[in-house]
Amino acid sequence: MMSRADGLVQRRNVNRDNNDSVSRENGQSSDKLDYDEDIDDGDSKETRLTLMEEVLLLGLKDKEGYTSFWNDSISSGLRGCILIELALRQRIELEKAGMRRKSLQMRKVIIKNETPTGDVLLDEALKHIKETNPPETVQSWIEYLSGETWNPLKIKYQLKNVRERLAKNLVEKGVLTTEKQNFLLFDMTTHPLTDNEAKLRLVKKVQDAVLSRWINDPHRMDKRLLALLLLAQASDVLESAFSPLNDEDYELATRRLRELSDMDLEVESMKVSTNDVIWAVFANFNK
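Here is a short report on the structure shown in this document. Model, not experiment: these values are computed from the prediction.

Time to look at the overall build of the chain. What the chain contains, in helices and strands, is 11 helices and 4 strands. The burial tally for the chain puts 48% of its 287 residues in the buried class. Sequence-distant contacts in the chain: of pairs separated by 6 or more residues, those separated by 24 or more amount to 65%.

This is the structure:
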């Protein structure tokens, strides 16, 4: 059984030690992935994951290799991840609020830099946003990219097979493998976990963000980590990270997430050095 310092907090027989020193992992240059900032998670470049891949990995059942059939939030959640990933890579932004102070959900998504990212899913979404005139809101783009629109002219914007494409990315990175499983009437391709350490690192990162490394100010928190917490919550995939916690830590972690959810998103989006796309995406799920 591992302690929190070992990486994963178990639910039973855990002694909390607030004096444990937690050393920060060394950040690595992320120029090749075109991130806007170094990712301080200790991963090698081979296992560095996008927001979409992290959210999917949290939602996948380790042995079965598929997400819960009852999770109807992850599809739109992954599209929200795509928008935030594009924003973090400085490709899109929201139009200015203006003198009339347009709300987050009324502001349009505009192109900031049309240079391709090198990621197929991101570049497909970027191309759609670039070619759309007049611009659309975050809510509209999540609906279009998910295929959840009644407008037949917008169906062409749907990103298809997103979960399968992301899972294949994780297979290429050595995190998952590919198998075929029979479900009575049909066969299904599944992607069980093969790199347990990659999943443990991700779970530990999420746990630490709301426990030992909690920062009671979202604007001092790493933007990518903040986005991961908000999107994992919106996608209903946090239970895999929180279920191993003891009762006291579980309650503390969920309370801190509620504090993030209860913030005035309009106010937060107007603060200096923020990324308003993150808040607009979260506002879409926090209605």
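On we go from here.
Glancing now at the nonpolar core. For soluble globular proteins, nonpolar side chains are generally found buried alongside one another. If you look at the biggest cluster of nonpolar residues, it comprises 75 residues, and the most contacted ones within it are Leu 58, Leu 83 and Phe 242. Of the residues forming this core, the biggest block, 9 residues, is contributed by helix H2 (residues 74–88). Aside from chain neighbours lying at most four places away, what touches Leu 58 is Lys 199, Leu 202, Val 203, Val 206, Leu 228, Ala 232, Val 237, Ser 240 and Ala 241.

Between its terminal C-alpha atoms helix H6 (residues 196–210) stretches 22 Å, which fits the 21 Å expected from 15 residues at 1.5 Å a residue. Buried within H6 we find Ala 198, Lys 199, Leu 202, Val 203, Lys 204, Val 206, Gln 207, Asp 208, Ala 209 and Val 210. On its buried face, H6 is in contact with helix H1 (51–59), helix H7 (223–234), helix H8 (239–242) and helix H9 (247–261). Structurally, the start of H6 carries an N-cap: the backbone nitrogen of Glu 197 is 3.2 Å from a side-chain oxygen of Asp 195.

You can see Glu 179 is positioned in strand E3 (residues 179–183). The spatial distance from the C-alpha of Glu 179 to the C-alpha of Pro 192 is 7.5 Å, given a sequence separation of 13 residues. Apart from the residues within four sequence positions on either side, Glu 179 is in contact with Met 188, Thr 189, Thr 190 and Pro 192.

Take the pattern of salt bridges next. Following the criterion strictly, the structure yields 14 salt bridges and no others. Between Lys 173 and Glu 53 there is a salt bridge, with the nearest N and O atoms lying 2.7 Å from each other. Note that Lys 173 is positioned in the loop between helix H5 (162–172) and E3 and Glu 53 in helix H1, a separation of 120 residues in sequence. For Lys 199, the salt bridge goes to Asp 62, with nearest N and O atoms at 2.6 Å. Of this pair, Lys 199 sits in helix H6 while Asp 62 sits in the loop between H1 and H2; the two residues are 137 residues apart in sequence, bridging distant segments of the chain. For Asp 62, a relative accessible area of 36% puts it in the partly exposed group. Each of the salt bridges in this network shares a partner with another, and the network as a whole consists of Glu 85, Arg 89 and Arg 224.

Cis rather than trans, the peptide bond between Asn 133 and Pro 134 has omega equal to 5°. The residue Pro 134 is located in the loop between helix H3 (120–131) and helix H4 (138–146) in this model. Even without glycine at this site, Asn 161 takes up a positive phi of about 55°. Mapped onto the fold, Asn 161 is located in the loop between H4 and H5. With a relative accessible area of 58%, Asn 161 lands in the exposed category. One non-glycine residue, Ser 273, lies in positive phi territory at about 60°. Structurally, the position occupied by Ser 273 is in the loop between helix H10 (265–269) and helix H11 (276–285).

The next thing to look at is the side chain of His 128. The topology assignment puts His 128 in helix H3. Note on His 128: relative accessible area 11%, which makes it buried. Apart from the residues lying within four places of it in its own chain, the contact partners of His 128 are Trp 141, Leu 145, Lys 156, Tyr 157 and Leu 159.

Let us look at the packing of H2 against H7. Running from N to C, H2 and H7 point in directions that differ by 170°, and their axes come no closer than 10 Å. One finds that H2 runs roughly antiparallel with respect to H7. Mapping the contact onto sequence places Gly 77, Gly 80, Cys 81, Ile 84, Glu 85 and Leu 88 in H2 and Lys 223, Arg 224, Ala 227 and Leu 231 in H7. Classifying every residue of the contact of H2 with H7 by side-chain character gives 5 nonpolar, 2 polar and 3 charged.

Tracing the sequence through the fold places Glu 85 in helix H2. For Glu 85, a relative accessible area of 0% corresponds to the buried category. One polar contact links Glu 85 to Arg 224, side chain to side chain, over a distance of 3.0 Å.

About the criteria used
Residues numbered from 1 in each chain as written. Predicted model: local features only at pLDDT ≥ 70, side-chain atom pairs only at ≥ 80, totals over all residues. Heavy atoms only, no water. Helix = DSSP H or I, 4+ residues; strand = E, 2+ residues; numbered from the N terminus. Buried < 20%, exposed > 50% of the residue type's maximum accessible area, 1.4 Å probe, protein only. Contact = heavy atoms within 4.5 Å. Core = buried A, V, L, I, M, F, W, Y, C linked by side-chain atoms within 4.5 Å. Expected span 1.5 Å × (residues − 1). Polar contact = N/O pair within 3.5 Å; in protein donor to acceptor, adjacent residues only side chain to side chain. Salt bridge = Lys/Arg side-chain N within 4 Å of Asp/Glu carboxyl O. Axes fitted to C-alpha atoms, helices over the stretch in contact; angles between N-to-C directions. Parallel < 35°, antiparallel > 145°, perpendicular 65-115°, else oblique. Nonpolar A, V, L, I, M, F, W, Y, C, P; charged D, E, K, R; others polar.

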